[in-house]
Every structure is written in C-alpha cells, then in structure tokens.
Amino acid sequence: VVTGADGKVLYSEELVNEAKAKRVEERAKEHPDWLGYLVTQEDEYAKLKELCAAAAVDGSVPPNVASIDIAIESLKLAEYLTPVLQAKLAA
C-alpha cells in the first residue's frame, strides 16, 4: 500500500491471490526460518533458477532474465531516484 502525505491510499495491490495465499501460509509454517518474501515468491525463484541453470549448462543467455549489466544500471537508477523520491514524499 502506498499512501500520500495526507494518509490517502494512492495505490494498493495484493501480491498473491487466494489460492496462492493458502499455499504461502502452508509453506511459511513448514519453513518458519524463511523470510516472508522468499515464501511468497518461491515458485518464481524456482523457475528463475531452472532457467539460469539450463542456460549455464548449454552456454546460452536465459530468456527474459536481466543481465548483470542491466542489474548494475538498475541499481544506479535506484541510487539516483532514492533521494529524489524521498524529497518529493517529504514535501
């Protein structure tokens, strides 16, 4: 949930539907030491791991996966935007 300075909800989104929420709850009980986002995104992480492992075996680039160069540029963008957005939110 994202709220404005006045407390009004600007954006709200559920990360999991009802069926997935039940699975997440069950997996969280099975693995209480896991961080919440790891349980929530377990299926996506497994798919990503499979894509990257298969690409590593055959020497290709995994489809729809950001390269290290894209990751670096994303972090640069985040570093730039953080203080800019913090200042706008504080106003």
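The rules we used
- Counting restarts for each chain: residues are numbered from 1 in the order of the written sequence.
- Local features in this predicted model are restricted to residues of pLDDT 70 or higher, and side-chain atom pairs are both shown and tallied only at a pLDDT of 80 or more, whereas totals for entire chains, interfaces and linings draw on every residue.
- To obtain the side-chain values, all non-hydrogen atoms of the structure were used and water was disregarded.
- Both cavities and pockets are sets of points on a 1 Å grid over the protein atoms alone; in a cavity a 1.4 Å probe fits but cannot get out, in a pocket the set is open with protein on both sides within 12 Å along at least five of seven lines, and lining residues sit with an atom within 4 Å of a point.
- Grid points are joined across faces, edges and corners, and a volume is the space filled by probe spheres set on the points.
- Helix numbering and strand numbering both begin at the N terminus, where a helix is a DSSP run of H or I of at least 4 residues and a strand a DSSP run of E of at least 2.
- Polar here means any residue other than Ala, Val, Leu, Ile, Met, Phe, Trp, Tyr, Cys and Pro, which are nonpolar, and Asp, Glu, Lys and Arg, which are charged; Gly is therefore polar.
- As a rule, the C-alpha atoms of each element are fitted with a line to give its axis, helices using only the stretch in contact, and angles between N-to-C directions run from 0 to 180 degrees.
- Reported orientations rely on four angle classes, namely roughly parallel under 35 degrees, roughly antiparallel over 145, roughly perpendicular from 65 to 115, and oblique for the rest.
- Contact definition: two residues touch when any of their heavy atoms are within 4.5 Å.

Novice: So, empty space enclosed by the protein: which residues are in play, and what are the values?
Specialist: Evaluation of the coordinates by the stated rule reveals one cavity of 30 Å³ or more. What the largest cavity holds in volume is close to 40 Å³. Along its surface, the largest cavity is lined by Lys20, Arg23, Val24, Arg27, Val39, Thr40, Glu42 and Asp43. Mapped by element, the contributors of at least two residues to the lining of the largest cavity are helix H1 (18–30), helix H2 (36–40) and helix H3 (42–58). Looking at the lining of the largest cavity element by element, the count peaks at four residues for H1. Split into classes, the residues belonging to the lining of the largest cavity amount to two nonpolar, one polar and five charged.

Novice: Can you lay out the packing of H1 against H3 for me, pointing to particular residues and giving the numbers?
Specialist: As a packed pair, H1 and H3 sit with axes 11 Å apart at the nearest point and diverge in direction by 85°. In this view, H1 runs roughly perpendicular relative to H3, as classed from their interaxial angle. Contacts between H1 and H3 involve Lys20, Arg23 and Arg27 from the former and Glu42, Asp43 and Glu44 from the latter. Class assignment of the residues belonging to the contact of H1 with H3 gives a composition of no nonpolar, no polar and six charged.

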